[in-house]
Amino acid sequence: MNETLFYVAAAPFEAACRVENALGQSPLSAGHPARRLHGHSFLAKVRTLNTGANADLRQQLADCVAPLDYNDLNQFLPMPTDENLARWIRARLALPSVASVGVQSTLHQGADLDLADNAHIWRRFRFEAAHRLPNVAPGHQCGRMHGHGFEVILHANQNLQAQDMGVDFDRLEAVWQPLHEQLHHHCLNDIPGLENPTSEMLAAWLWERLKPELDALSWVSVYETVTAGCHYDGQHYRIWKDQRFESALTLTRAAPNDSVRRLHGHSYLLRLHLTAPLDTVMGWTVDYGDVKSQFKPIYQQLDHHNLNELPGLDEPDAASIARWIRSQAEPGLPQLDRIDLYETPGCGVVLSWGAHEPGLPV
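Here the structure is a predicted model, which means the values were calculated and not measured.

Chemist: Mind showing me how you'd approach the pattern of salt bridges here?
Modeler: When the charged atoms of two side chains lie near each other, side chains of opposite charge can form a pair. Going through the model one piece at a time under the given rule, you end up with 17 salt bridges. In this structure, Arg87 engages Asp117 in a salt bridge whose closest nitrogen and oxygen atoms are separated by 3.1 Å. Linking Arg87 in helix α2 (residues 82–93) with Asp117 in the loop between β5 (109–114) and β6 (118–131), this pair joins segments that are 30 residues apart in sequence. For the pair formed by Arg87 and Asp117, the shared burial category is buried. The residue Glu173 makes a salt bridge to Arg123 at a minimum N-O spacing of 3.9 Å. A residue pair is termed long-range when its members are at least 10 positions apart, and Glu173 in helix α3 (residues 169–183) and Arg123 in strand β6 qualify at 50 residues.

Here it is, written out as structure tokens:
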């Protein structure tokens, strides 16, 4: 399958707002706290197909949202929902290669819009629970009773042409709450349907209970740990495993006066995505531990090294590194179909060649 390369960037801003217009009209119910003047630490995000430098995209986004910083958003747009803010940023950026623009109003919720106003609304929840995996081999650490602070993201997709707001975050909270009560401070193995509570089985269990209550639900994400998890869209399972590596580099093809021509470094965040059929006995697609062990020889070439010295890598820009990782990883991880690589928080590339992506913003 042909690959697609996205450049991604993020820029924060602080702002106040009230989600109602000058006439007192609002898509929110009367008495909703968001109708009062309040504030957020916002994060704007953009994805483009532009082959330009990441630094340029990051600076363009920062310049775009600069007028909003420490300001009243109602002075800039009449109904400052996350969705309308994304529209405002998209129009002001005016880049022909934009694929989507997102606004994250808190650490736990946000909205992303493409050029056709197809919206991806998401909210993150957390619960604390114990579990063990009964079908793993003897000696496998997951066979012992242990626990996690699980995080779940509910995603809703819908078209928002001529609408100020999609699914209300409070609606996501309402459909989640009954399940939180079943899961929080419990042993998952004791819950009917979760006798083998892998990330994949938990994601499917949640989907089956949430989809009848929320038709717009597009997929469920389960973070078992901060570095690994699973998406499920009702048909396809997709897991991810994060790696971090510390590396030096110099970009020799940059403009003569660009500081990246000097030897410098990054703390990279790498996310490997894999899609595979469910093993109905094990209850997973690929063991997270197997992903880590298969990737270890590649990781050892990246971590605490000068990337300019990597064999087969001509120039260590983010796109070239992602393609190099794909070439090295595919023989041992044939299920791999997407690589996210961030040089700095929120800024990097997404290289995708998968057939069953649940959606780009994650």
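Chemist: Is there a simple way to think about helix α5 (residues 288–302) in this case?
Modeler: Residue pairs spaced three or four apart in an α-helix point in one direction, given the helix's 3.6 residues per turn. Compared with an ideal rise of 1.5 Å per residue, which puts 15 residues at 21 Å, α5 spans 20 Å between its outermost C-alpha atoms and is within 8% of the ideal. Its axis deflected by about 50° at Lys296, α5 carries its strongest bend there, up to four residues before the proline Pro297. Residues of α5 that are buried include every one of Tyr288, Val291, Phe295, Ile298 and Leu302, and no others. One or two positions beyond α5, positive phi appears at His304, with a value near 55°.

Chemist: Mind showing me how you'd approach the environment of Ser97 here?
Modeler: In this fold, Ser97 is placed in the loop between α2 and β4 (98–106). With relative accessibility at 16%, the residue Ser97 sits in the buried group. The spacing of Ser97 and Asp233 is 136 residues in sequence and 27 Å in space, taken between C-alpha atoms.

Chemist: Explain the packing of aromatic side chains here, please?
Modeler: For any pair of aromatic rings, geometry is given as the distance between the ring centres together with the angle between the planes. The tally for this structure, following the rule as stated, stands at nine aromatic pairs. Relative to Phe150, the ring of Phe127 has its centre 5.0 Å away and its plane inclined at 10°; by these criteria the two rings are stacked. With Phe127 in strand β6 and Phe150 in strand β7 (residues 146–159), the pair connects residues that are 23 residues apart, well separated along the chain. Using a relative accessible area of 1% as the deciding quantity, one classes Phe150 as buried.

Chemist: Which parts of the structure should I look at to understand the environment of Ala111?
Modeler: Mapped onto the fold, Ala111 is located in strand β5. Linking Ala111 and Val167, residues 56 residues apart in sequence, is a C-alpha distance of 9.8 Å. Filtering out sequence-adjacent residues up to four positions away, Ala111 remains in contact with Asp82, Glu83, Val101, Gly102, Val103, His120, Ile121 and Trp122.

Chemist: Please clarify how the state of the cysteines should be interpreted in this entry.
Modeler: Here, the word disulfide means a covalent bond between the sulfur atoms of two cysteines. Per the stated rule, a full pass over the model turns up zero disulfides. Of all cysteine sulfurs in the structure, the one in Cys347 sits closest to Cys64, which takes part in no disulfide; the separation is 14 Å.

Chemist: Is there a simple way to think about the pairing of β5 in this case?
Modeler: Regular strands show a simple pattern: their side chains alternate between the two faces of the sheet. In terms of residue burial, β5 counts as a mostly covered element, since five of its six residues are buried. Two elements, β4 and β5, share six bridges in a ladder whose sense is antiparallel. Of the residues in β5, the one forming a bridge with Val101 is Leu113. Taken together, the five bridges between β5 and β6 define a ladder with antiparallel strand orientation.

Cut-off values and rules
- Residues numbered from 1 in each chain as written.
- Predicted model: local features only at pLDDT ≥ 70, side-chain atom pairs only at ≥ 80, totals over all residues.
- Heavy atoms only, no water.
- Salt bridge = Lys/Arg side-chain N within 4 Å of Asp/Glu carboxyl O.
- Helix = DSSP H or I, 4+ residues; strand = E, 2+ residues; numbered from the N terminus.
- Buried < 20%, exposed > 50% of the residue type's maximum accessible area, 1.4 Å probe, protein only.
- Expected span 1.5 Å × (residues − 1).
- Bend = angle between axes of the 7 residues up to and from the residue.
- Phe/Tyr/Trp six-rings, centres within 6.5 Å; stacked < 30°, edge-to-face > 60°.
- Contact = heavy atoms within 4.5 Å.
- Disulfide = S-S within 2.5 Å.
- Pairing = 2+ DSSP bridges.

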